[in-house]
Amino acid sequence: MEEQNNKISVLFVCLGNICRSPMAEGALVKAATDAGIDLHVESAGTAGYHIGEPPDPRAIATARANGVDISAARGQQLAPQHFHEFTHIFALDSANLAGIKAHTPRNAAAHITMLLDAIDGRKGEAVPDPYYGDESDFEACWNMVSEAADALVLRFKTDGANAKF
Ligand code: 4NP
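Okay, so let's go over this structure. (Residues numbered from 1 in each chain as written. Predicted model: local features only at pLDDT ≥ 70, side-chain atom pairs only at ≥ 80, totals over all residues. Heavy atoms only, no water.)

1. Digging into the overall build of the protein
We apply this condition: The way it works is that DSSP assigns letters per residue, a run of H or I at least four long becomes a helix, a run of E at least two long becomes a strand, and they are numbered from the N terminus. We compute the radius of gyration over the C-alpha atoms and compare it with the globule rule, which gives 2.2 Å times the number of residues raised to the power 0.38. Any pair of residues with heavy atoms lying within 4.5 Å of one another is described as a contacting pair. All accessible areas in this document rest on Shrake-Rupley with a 1.4 Å probe, and a residue is counted as covered only by the protein chains that are shown.
Looking only at helices and strands, the protein features five helices and four strands. For the protein, the succession of helices and strands along the chain, N to C, is β-α-β-α-α-β-α-β-α. Scaling as 2.2 N^0.38, a compact globule of 165 residues should have a C-alpha radius of gyration of about 15 Å, and the protein matches this with 14 Å. The C-alpha extent of the protein, read off along each of the three principal axes, is 40 × 35 × 30 Å. Within the protein, contacts between residues separated by at least 24 positions form 70% of all contacts whose residues are at least 6 apart in sequence. As presented, the protein carries roughly 7900 Å² of accessible surface, and 50% of it is formed by carbon and sulfur atoms.

Shown next as structure tokens:
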């Protein structure tokens, strides 16, 4: 398929929007910048526990150790307009996918899937929540979202905003 001209816009959604989804956001911004792809990236939580807060300090430290500064991110909750503003919404796990689907309007523009669907052989797999874990869980999370971000960039390069996962 030819690359499309309409702008790719990606929303990553986890529960709290302070661990997994801001790390995924940072990983995709880096992967897209490195690849020279223009896209808009944000993240959100299905819950509103951490609206306006920066990412968890362990998420900031893990991203920083991998060369990405996510400290300026601020928590937001998934909202009705997101279904029209974004071309792609990626859930970090199945509980959040169910939460997203429960709020999806009939005329949603966004293509909605699990993030790891982007990686061959990992369809339906979750990115585990590191919130109650330790540094190694955050590093494992970073590795997963980075691998997924690289896969997204490869697909966006060929299929543009029409990419389906
Ligand atoms: P996240 O992790 O969904 O990856 O941001 C969590 C962060 C906070 C909470 C749960 C999960 N919490 O219950 O406050």
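2. Quick look at the sheet that holds strand β3 (residues 88-91)
The following threshold applies: When DSSP finds two or more bridges between two strands, those strands count as paired. Axes here mean lines fitted to C-alpha atoms, for a helix over just the part in contact, with angles spanning 0 to 180 degrees between N-to-C directions.
Ordered in space as β2-β1-β3-β4, the four strands form an open sheet in which the pairing is parallel. Each of the sheet's edge strands pairs with one partner strand only, and the pair in question is β2 (39-45) and β4 (111-114). Averaged over all pairs of adjacent strands, the angle between strand axes in this sheet comes to 20°, irrespective of strand direction. Strand direction decides the pairing type here: strand β1 (residues 8-14) and β3, joined by four bridges, are parallel. The partner of valine 13 across the bridge, within β3, is alanine 91. Relative to the sheet, helix α1 (residues 20-35) contacts β1 and β2, its axis offset from that of β2 by approximately 170°. Strand contacts of helix α5 (residues 135-159): β1, β2 and β3, with the helix running at about 155° to β1, the strand carrying the most contacts.

3. Concerning the pairing of β4
Rules: Handedness of a crossover: with both strands directed away from the viewer, a clockwise path from the first strand across the helix to the second marks it as right-handed.
The sheet contact formed by β3 and β4 spans four bridges and is parallel. Residue pairing in the sheet places histidine 88 in a bridge with histidine 111 of β4. Between β3 and its parallel partner β4, the chain crosses via helix α4 (residues 94-102), and the hand of that crossover is right-handed.

4. Thoughts on unusual backbone geometry
With a phi close to 60°, asparagine 17 is a non-glycine residue in the positive phi region. Looking at where asparagine 17 falls in the secondary structure, it is placed in the loop between β1 and α1.

5. Considering the site of the ligand
Stated formally: Distances are taken per atom, and a residue is near a molecule or strand as soon as one of its heavy atoms is within 4 Å of it. Whenever two N or O atoms come within 3.5 Å, that pair is a polar contact, provided that in protein one can donate a hydrogen and the other can accept it, and provided that, for residues adjacent in sequence, both atoms are side-chain atoms. Under the convention adopted here, Pro, Cys and the residues Ala, Val, Leu, Ile, Met, Phe, Trp and Tyr are nonpolar, Asp, Glu, Lys and Arg are charged, and Gly plus all remaining residues are polar.
In the neighbourhood of the ligand, the contacting residues comprise Cys14, Leu15, Gly16, Asn17, Ile18, Cys19, Arg20, Tyr49, His50, Asp129, Tyr131 and Tyr132. One of the side-chain N or O atoms of arginine 20 is found 2.8 Å from an oxygen atom in the ligand. In the environment of the ligand, an oxygen atom lies 2.8 Å from a nitrogen or oxygen atom belonging to the side chain of histidine 50. Looking at the shell around the ligand, its residues break down into seven nonpolar, three polar and two charged.

6. A short note on the packing of aromatic side chains
Basically, it comes down to this: Ring geometry is summarised as follows: Phe, Tyr and Trp rings, the Trp one being its six-membered ring, pair when their centres sit within 6.5 Å, and such pairs are stacked at plane angles under 30 degrees, edge-to-face over 60 and tilted between the two. Only protein chains enter the area calculation, which uses a 1.4 Å probe; residues under 20% of their type maximum are buried, those over 50% are exposed, and those in between are partly exposed.
The final tally for this structure, using the stated rule, is four aromatic pairs. Seen in terms of ring centroids, phenylalanine 90 and phenylalanine 165 are 5.5 Å apart; in terms of plane orientation they differ by 70°. Their pairing is edge-to-face. Pair noted here: phenylalanine 90 is in strand β3 and phenylalanine 165 is in the segment after α5, with a separation of 75 residues, a long-range link. Exposure class is identical for phenylalanine 90 and phenylalanine 165. Each is buried. Geometrically, the ring pair formed by tyrosine 131 and tyrosine 132 is edge-to-face, given 4.9 Å between the ring centres and 80° between the ring planes.

7. Observations concerning the environment of arginine 20
Looking at the element boundaries, arginine 20 is found in helix α1. Once you skip the residues sitting within four places of it in the chain, arginine 20 turns out to touch Cys14, Leu15, Leu92, Asp93, Asn96, Val127, Pro128, Asp129, Pro130, Cys141 and Val145. Only 3.1 Å separates the side chain of arginine 20 from the backbone oxygen of valine 127, close enough to count as a polar contact.

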